[in-house]
Amino acid sequence: MTSIRSPAVAGLFYPADAQQLGREVKQLLATAQLQDFKPKALIVPHAGYIYSGAIAASAYAGLSSVAATIRRVVLLGPAHRVAVHGLALPGVDVFETPLGRVKLDQELVATIAHLPQVIVSKEVHALEHSLEVQLPFLQSVLGDFTLLPLAVGMTSPEAVAQVLERLWGGEETLIVISSDLSHYLPYAAAQRMDNETVQAILQLRQPIAHDHACGSIPVSGLIIAAQKHHLTPHLLDLRNSGDTAGSRDRVVGYAAIAFNNEEDES
């Protein structure tokens, strides 16, 4: 019997109706500025689409040129709801959204299941939005792919980098790190902090502080991996909720960053 992780934030973070959701994602992708390089990894935000959807779309729109090549997505995001040590696999066969089901990549699960920092927890994934909100974008851009979702809790960037190394693959594998930036600062203060954080990422400097990015640990793990694999980060978009749909009194920061291997494209 197929074990399913059902959507937890459909109707809250994004539309629950499949047609409405499909239209909204398509519109966000259509209005995003296209980039002309092939990303191996992305950092994308994970708020409600009204707040961060346009910023996320600026990363996902850039996948159009490589969509036919990508067969696997390794997706990491911070665990918001349930405290956990290490990186948690969901222990299910598929993730479901209003746009359909995505199969988990059992071969990749087996590749990392034995690592001491990797656990299995349905509870950690049950209500977690940081991974779920990425799926409608991935489903819209890639079509058919398998998924390896990890909710990242209390662990080290080095432990994340070790997991990423096992999952790295070739051009068939896309790495996606889900993270927002600063939380609940006034607009100008958030801009200053988020600029600082983005500059650190673009210069491949880690660790990123937790108050600078809720996904600081997976982001820092990606930076370690990017150094090893000679990836170059590119800033695609940097805004906050005060720019999109919220008050400027207390904002949340969002960035879209793509990492590519420029040597492969020369």
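Heads up: the structure comes first, above all this text.
Rules and cut-offs
- Residues numbered from 1 in each chain as written.
- Predicted model: local features only at pLDDT ≥ 70, side-chain atom pairs only at ≥ 80, totals over all residues.
- Heavy atoms only, no water.
- Helix = DSSP H or I, 4+ residues; strand = E, 2+ residues; numbered from the N terminus.
- Rg over C-alpha atoms; globule rule 2.2 N^0.38 Å.
- Buried < 20%, exposed > 50% of the residue type's maximum accessible area, 1.4 Å probe, protein only.
- Contact = heavy atoms within 4.5 Å.
- Areas by Shrake-Rupley, 256 points an atom, 1.4 Å probe, with all protein chains shown as cover.
- Lys, Arg positive; Asp, Glu negative; His and termini not counted.
- Charge placed at Lys NZ, Arg CZ, Asp CG, Glu CD.
- Salt bridge = Lys/Arg side-chain N within 4 Å of Asp/Glu carboxyl O.
- Pairing = 2+ DSSP bridges.
- Polar contact = N/O pair within 3.5 Å; in protein donor to acceptor, adjacent residues only side chain to side chain.
- Core = buried A, V, L, I, M, F, W, Y, C linked by side-chain atoms within 4.5 Å.

Colleague: I'm lost on the overall build of the protein in this one. Help?
Modeller: Looking only at helices and strands, the protein features eleven helices and twelve strands. For 266 residues, the compact-globule formula gives about 18 Å, and the C-alpha radius of gyration of the protein, at 17 Å, lands near that figure. Along the three orthogonal principal directions, the C-alpha set of the protein runs to about 50 × 40 × 40 Å. The burial tally for the protein puts 56% of its 266 residues in the buried class. Counting contacts in the protein only where the partners sit at least 6 residues apart, residues at least 24 apart contribute 82% of the total. For the protein, the exposed area adds up to about 11,300 Å²; of that, 51% sits on carbon and sulfur atoms. Positive and negative charge centroids in the protein, built from 18 and 26 side chains respectively, lie 4 Å apart.

Colleague: Is there a simple way to think about the pattern of salt bridges in this case?
Modeller: Should their charged atoms come close, side chains of opposite charge can pair. In total, this model carries seven salt bridges according to the counting rule given. Notably, a salt bridge pairs Glu 165 with Lys 228, separated by 3.6 Å at the nearest N-O pair. Of this pair, Glu 165 sits in helix H7 (residues 157-167) while Lys 228 sits in helix H9 (residues 216-228), and the two are 63 residues apart along the sequence. Using a relative accessible area of 31% as the deciding quantity, one classes Glu 165 as partly exposed. Between Asp 237 and Arg 239 there is a salt bridge whose closest N-O contact spans 2.7 Å. Residue Asp 237 is classed as buried on the basis of its relative accessible area of 13%. Taken together, the salt bridges that share partners define one network made up of Arg 72, Asp 105 and Glu 107.

Colleague: Explain the pairing of strand E3 (residues 72-78) to me, please; I cannot follow it from the model alone.
Modeller: Regular strands have side chains that alternate between both faces of the sheet. Where burial is concerned, most of E3 is hidden: seven out of the seven residues are buried. Judged by which residues are buried, E3 turns out to be covered on both faces: Arg 72, Val 74, Leu 76 and Pro 78 on one side and Val 73, Leu 75 and Gly 77 on the other are all buried. Bridging between E3 and strand E8 (residues 146-152) involves seven bridges; their strand directions are parallel. Residue pairing across strands places Val 73 opposite Leu 147, the latter belonging to E8. Pairing between E3 and strand E9 (residues 173-178): five bridges, direction parallel. Residue pairing across strands places Val 73 opposite Leu 174, the latter belonging to E9.

Colleague: Before we go on, may I ask you to explain the side chain of Lys 40 in this structure?
Modeller: Position of Lys 40 among the secondary structure elements: in the loop between helix H1 (18-31) and strand E2 (41-44). Only 2.6 Å separates the side chain of Lys 40 from the backbone oxygen of Trp 168, close enough to count as a polar contact. Not counting the four nearest positions on each side in its chain, Lys 40 is found in contact with Trp 168, Gly 169, Gly 170, Thr 173, Leu 174, Ile 175, Leu 231, Phe 259 and Asn 260.

Colleague: Looking at this structure, I do not really get the sheet that holds strand E6 (residues 100-103). What am I missing?
Modeller: Sheet strands associate in pairs through backbone hydrogen bonding, adopting either a parallel or an antiparallel arrangement. Ordered by their spatial adjacency, three strands build an open sheet running E1-E5-E6, and the pairing between neighbours is mixed. Taken across any chain shown, the strands that pair with only one partner, and hence form the sheet edges, are strand E1 (4-5) and E6. Where E1 meets strand E5 (residues 94-97), two bridges bridge the pair, whose relative direction is parallel. Bridge pairing links Ile 4 to Val 94 in E5.

Colleague: Explain the nonpolar core here, please?
Modeller: Soluble globular proteins tend to pack their nonpolar side chains together in the buried interior. In this structure, Tyr 60, Leu 63, Val 73, Phe 137, Leu 138 and Leu 142 are the most contacted members of the largest nonpolar core, which totals 44 residues. Listed by contribution, the elements that provide at least two residues to this core are H1, E2, helix H2 (49-60), E3, helix H6 (135-142), E9 and strand E12 (251-260). With six residues, H2 is the largest single contributor of residues to this core. Apart from the residues within four sequence positions on either side, Leu 138 is in contact with Tyr 60, Leu 63, Val 73, Gly 143, Phe 145 and Leu 174.

Colleague: Help me understand the environment of Gln 20, please; the structure alone is not making it clear to me.
Modeller: By secondary structure assignment, the location of Gln 20 is in helix H1. Along the chain, Gln 20 and Tyr 51 lie 31 residues apart, while their C-alpha atoms are 17 Å from each other.

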